[in-house]
Amino acid sequence: AQSVTQPDIHITVSEGASLELRCNYSYGATPYLFWYVQSPGQGLQLLLKYFSGDTLVQGIKGFEAEFKRSQSSFNLRKPSVHWSDAAEYFCAVGGNNDYKLSFGAGTTVTVRA
Amino acid sequence: SAVISQKPSRDICQRGTSLTIQCQVDSQVTMMFWYRQQPGQSLTLIATANQGSEATYESGFVIDKFPISRPNLTFSTLTVSNMSPEDSSIYLCSVDSAATTDTQYFGPGTRLLVL
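About the thresholds
Residues numbered from 1 in each chain as written. Chains lettered and ligands numbered in written order. Predicted model: local features only at pLDDT ≥ 70, side-chain atom pairs only at ≥ 80, totals over all residues. Heavy atoms only, no water. Disulfide = S-S within 2.5 Å. Helix = DSSP H or I, 4+ residues; strand = E, 2+ residues; numbered from the N terminus. Buried < 20%, exposed > 50% of the residue type's maximum accessible area, 1.4 Å probe, protein only. Core = buried A, V, L, I, M, F, W, Y, C linked by side-chain atoms within 4.5 Å. Contact = heavy atoms within 4.5 Å. Salt bridge = Lys/Arg side-chain N within 4 Å of Asp/Glu carboxyl O. Nonpolar A, V, L, I, M, F, W, Y, C, P; charged D, E, K, R; others polar. Pairing = 2+ DSSP bridges.

Attention shifts here to the state of the cysteines. A complete count under the given rule lists two disulfides over all chains for this structure. The disulfide partner of A:Cys23 is A:Cys91, and the gap between their sulfur atoms is 2.0 Å. On the sign convention where negative is left-handed, the bridge of A:Cys23 and A:Cys91, at about -65° about the S-S bond, is left-handed. Taken together, the positions of A:Cys23 in the loop between strand 3 (19-21) and strand 4 (24-26) and A:Cys91 in strand 10 (residues 87-95) put the pair 68 residues apart, joining distant regions of the chain. Judged by its relative accessible area of 0%, A:Cys91 is buried. Across a sulfur-sulfur distance of 1.9 Å, B:Cys23 and B:Cys93 are joined as a disulfide pair. Judged by the sign of its S-S torsion, about 65°, the cystine formed by B:Cys23 and B:Cys93 is right-handed. Within this pair, whereas B:Cys23 is found in strand 3 (residues 19-25), its partner B:Cys93 is found in strand 9 (residues 89-96), the two being separated by 70 residues in sequence.

Glancing now at the nonpolar core. Counting 44 residues, the largest nonpolar core has A:Tyr36, A:Phe103 and B:Tyr35 as the members making the most contacts within it. Ignoring sequence-local partners within four residues, the contact set of A:Phe103 consists of A:Val4, A:Tyr36, A:Leu44, A:Phe90, A:Cys91, A:Ala92, B:Tyr35, B:Ser42, B:Leu43 and B:Phe106.

Below, the discussion takes up the interface of chain B and chain A. The partner chain A presents 22 residues to the 22 residues of chain B that form the contact. Counting every contact that joins chain B to chain A gives one salt bridge. With a closest N to O distance of 3.3 Å, B:Glu58 and A:Lys100 form a salt bridge. Elements that contribute at least two residues to the side of chain B that touches chain A include exactly strand 4 (31-37), strand 5 (43-50), strand 9 and strand 10 (104-106) of chain B. Counting residues per element, the side of chain B that touches chain A draws most heavily on strand 4 of chain B, at four residues. By residue class, the composition of the side of chain B that touches chain A is 10 nonpolar, nine polar and three charged.

Residues and elements named next belong to chain B. Here strand 1 (residues 4-7) shows a buried face lined by Ile 4 and Gln 6 and an unburied face lined by Ser 5 and Lys 7. Here strand 1 runs beside strand 3; their pairing, made up of four bridges, is antiparallel. Note on strand 3: the bridge partner recorded for Ile 4 is Val 25.

With the rule as written, the count across this model stands at six salt bridges over all chains. Residues A:Glu64 and A:Arg77 are paired through a salt bridge, measuring 3.3 Å at the closest nitrogen-oxygen approach. With a gap of 13 residues between them, A:Glu64 in strand 8 (residues 64-68) and A:Arg77 in strand 9 (residues 73-78) connect regions that are remote in the sequence. With a shortest N-O distance of 2.7 Å, B:Lys65 and B:Asp87 are connected by a salt bridge. Taken as a pair, B:Lys65 in the loop between strand 6 (56-57) and strand 7 (68-72) and B:Asp87 in the loop between strand 8 (75-80) and strand 9 lie far apart in primary sequence, 22 residues in all. Neither B:Lys65 nor B:Asp87 differs from the other in exposure class; each is buried. Taken together, the shared-partner salt bridges in this structure form one network comprising A:Glu64, A:Glu66 and A:Arg77.

What follows is the structure, encoded as structure tokens:
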């Protein structure tokens, strides 16, 4: 069975500081990995995805994520956080021709001035 | 990516009634999905809606409670039937764009409160 664990329920970070959100997955085959962001009152927006190739993936809004197969991890990072990055972040796992995405519980990011 | 709209964006309903949520996509897509996000929770897949066939429901969800229609490649509806306060959630549709296989894009969601 596939599953995703996001160990941090809530993270508070100062504006301009770096941010790292953790994601660990369990998947029986080669995983497809995704990060989505949900701003208050909004739907989910795709930040980035990893299917294969370079394990460091660049996304929108200055985010990047690194796939580490040995650690079953796909952590999301941003070097300098903006107040507009305050949102909930979801990691998800799926697979080739496997339309079923499994989502983590989410991490809420608060940005303080 | 596809542009997805949902109607209504939010609603307050009385228990025992039903609400139909619409999902419209600006391009033809093969697969459409319906998710539920209960307050403070993550997303749970309700069902997959493919055009021309019956929807496929996930464990814990049944057609009598959540009937789904998929009349064409750009539109789907989800009905939440005989609602109770436990149905208060955000309902999201997503699509797997034919142009970008295995990637789901989400609509803005429908926020439902059942009193």
